[in-house]
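Examination of the molecular architecture
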Amino acid sequence: MGLGLARPALKGMGLDALRSELGSLLVTPAAEEFRRGDRQVFSTHLTLRGLDELLPDGGFPAGALVELSAVGAAGGATTVAVAALVAAQQVVSRDAAPSNVGGPSQRGPAVSRDASAMEFVGGRERTGPLVAWIAPEGNLHGPALAALGLDLARCLVVAPPWEKLGRIAAKVAESSVFAAVVIDVHPLLGARSAVRRGARASVDDRALRRLAVAAEATGTLVLLRSDRFVPKGLPWPTALRLEIDGGAGELGWTVQVAKDRHGGARGRGIVKPLVNV
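Now for a quick tour of the structure. In this text, all values refer to a predicted model and were calculated from it rather than measured experimentally.

**A word on the overall build of the protein**
Regarding its fold elements, the protein presents 8 helices and 11 strands. By the burial criterion, 55% of the 277 residues in the protein qualify as buried. Restricting the contact set of the protein to residue pairs at least 6 apart, pairs at least 24 apart contribute 75%. Carbon and sulfur atoms provide 52% of the accessible area of the protein, an area that totals close to 11600 Å².

**Concerning the packing of aromatic side chains**
For any pair of aromatic rings, geometry is given as the distance between the ring centres together with the angle between the planes. One pass over the structure, following the stated rule, counts 0 aromatic pairs. Across from the ring centre of Trp-236, 4.0 Å away, lies the NZ or CZ of Lys-232, which sits over that ring.

**A look at empty space enclosed by the protein**
Under the defined criterion, the tally for this structure stands at 2 cavities of 30 Å³ or more. Quantified by volume, the second largest cavity comes out at close to 30 Å³. Along the walls of the second largest cavity sit Pro-56, Asp-57, Pro-61, Ala-239, Leu-240, Asp-260, Arg-261 and His-262, which together make up its complete lining. Looking at the lining of the second largest cavity, its residues break down into 4 nonpolar, 1 polar and 3 charged.

**Some thoughts on helix 6 (residues 165-173)**
Taken across its 9 residues, helix 6 has 7 buried, putting it largely inside the fold. Burial in helix 6 covers these residues: Leu-165, Gly-166, Ile-168, Ala-169, Ala-170, Val-172 and Ala-173.

**Things to note about the sheet that holds strand 5 (residues 130-134)**
Ordered in space as 2-11-10-9-4-8-7-5-6, the 9 strands form an open sheet in which the pairing is mixed. At either margin of the open sheet sits one strand with a lone partner, and together these are strand 2 (48-49) and strand 6 (155-158). The sheet contact formed by strand 2 and strand 11 (residues 268-273) spans 2 bridges and is antiparallel. By the bridge assignment for strand 11, Leu-48 is matched with Pro-273.

**A few points about the nonpolar core**
In this structure, Leu-51, Phe-60, Leu-68, Leu-150 and Leu-242 are the most contacted members of the largest nonpolar core, which totals 45 residues. Examining the composition of this core, we find that 10 residues originate from one element, helix 4 (residues 75-89), more than from any other. Ranked by size, the runner-up nonpolar core spans 30 residues in total, among them Val-158, Ala-173, Val-181 and Ala-215.

**Details of the pattern of salt bridges**
Opposite charge on two side chains permits them to pair, given that their charged atoms come into close proximity. Going through the model one piece at a time under the given rule, you end up with 8 salt bridges. Note that Asp-184 is salt-bridged to Arg-225, the shortest N-O span being 2.7 Å. With a gap of 41 residues between them, Asp-184 in strand 7 (residues 178-184) and Arg-225 in strand 8 (residues 221-227) connect regions that are remote in the sequence. Here the two residues Asp-184 and Arg-225 agree in accessibility, since each one is buried. Residue Glu-243 pairs with Arg-241 through a salt bridge whose shortest N-O separation is 2.5 Å. In this structure Arg-241 comes out as buried when scored by relative accessible area, which is 16%.

**Some details on helix 8 (residues 205-218)**
Taking 1.5 Å of rise per residue, 14 residues should cover 20 Å, and helix 8 covers 20 Å from first to last C-alpha, within 8% of that figure. Restricting attention to buried positions, one finds in helix 8 the residues Ala-207, Leu-208, Leu-211, Ala-212, Ala-214, Ala-215 and Thr-218. For helix 8, the buried positions fall inside an angular range of 165° around the axis, keeping them on one side. Exposed side of helix 8, more than 90 degrees from the buried face: Arg-206, Val-213, Glu-216 and Ala-217 are the residues found there. Positive phi appears at Gly-219, one or two residues downstream of helix 8, with a value of about 85°.

**Regarding the environment of Thr-79**
Note that Thr-79 resides in helix 4. Residue Thr-79 is classed as buried on the basis of its relative accessible area, which comes to 12%. The spacing of Thr-79 and Lys-272 is 193 residues in sequence and 9.7 Å in space, taken between C-alpha atoms. Not counting chain neighbours up to four residues away, the residues in contact with Thr-79 comprise Leu-48, Leu-148, Trp-253 and Pro-273.

**Points about the pairing of strand 7**
With respect to burial, strand 7 is a largely interior element, 7 of its 7 residues being buried. Here strand 5 runs beside strand 7; their pairing, made up of 5 bridges, is parallel. Each bridged residue has a counterpart across the sheet, and for Ala-132 the counterpart in strand 7 is Val-181. Pairing between strand 7 and strand 8: 5 bridges, direction parallel. Among the inter-strand pairings, Ala-180 is bridged to a residue of strand 8, identified as Leu-221.

Cut-offs used in this document
Residues numbered from 1 in each chain as written. Predicted model: local features only at pLDDT ≥ 70, side-chain atom pairs only at ≥ 80, totals over all residues. Heavy atoms only, no water. Helix = DSSP H or I, 4+ residues; strand = E, 2+ residues; numbered from the N terminus. Buried < 20%, exposed > 50% of the residue type's maximum accessible area, 1.4 Å probe, protein only. Contact = heavy atoms within 4.5 Å. Areas by Shrake-Rupley, 256 points an atom, 1.4 Å probe, with all protein chains shown as cover. Phe/Tyr/Trp six-rings, centres within 6.5 Å; stacked < 30°, edge-to-face > 60°. Lys NZ or Arg CZ within 6 Å of the ring centre and 35° of its normal. 1 Å grid on protein atoms, 1.4 Å probe; cavity = no way out; pocket = protein on both sides within 12 Å on 5 of 7 lines; lining within 4 Å. Points joined across faces, edges and corners; volume = space filled by probe spheres on them. Nonpolar A, V, L, I, M, F, W, Y, C, P; charged D, E, K, R; others polar. Pairing = 2+ DSSP bridges. Core = buried A, V, L, I, M, F, W, Y, C linked by side-chain atoms within 4.5 Å. Salt bridge = Lys/Arg side-chain N within 4 Å of Asp/Glu carboxyl O. Expected span 1.5 Å × (residues − 1). Arc of directions from axis to C-beta.

Okay, structure coming up:
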């Protein structure tokens, strides 16, 4: 089954079931490898040209809460999010054997189901950290993600109902299972639709604080994919905020560092994908 066709798995699943699933994944070799790994910065050079040069740390910082802000369903934010997950999957422990990294997986997708959680790992012989994408709308397109280099066999996709997004996201981030987690915090309605429908963030301030604490405590990179036109309450406790605008394909996108925990100069430049999908 293609990743984009996967049925939402966490609708109707309680937090106890989620804890059990994450507990099963916690003892897998991939999760143990992530906890042993030397993770400082996740470089996106395998999938994007120009982003590492803009980022204050030379890549996405491990253990940080990062916002990817775009307008509606702009493809640039999706591609940048995938690039971060691909980078996280490349991190291996100091004592791990070389793994087959850098290319898309030919195995089936990693989708959370009511069946055994071990099904998603795709086989214990695979090495390299696990990543996750929490997408309440469940509209991710597997072949496109794989074409950008994402190993689908090491990516857990969770599609909770919007009202449970904050709690589910916090539990996933706190699990110490995943090197990186992407969270779609707004319905991808587009600017006019978002304003017209009065959209609000589905992750409240308390959940955002939990995510920031969890990222720092576990070393997990947590990325919030947001719609810039959806109103916010309090400022988000992010270490880094990127604003992504423009077209797609060979033209690339304009990326602005709108917030940086270091307080230095905020870069702006053109970022282009190395693979067109």
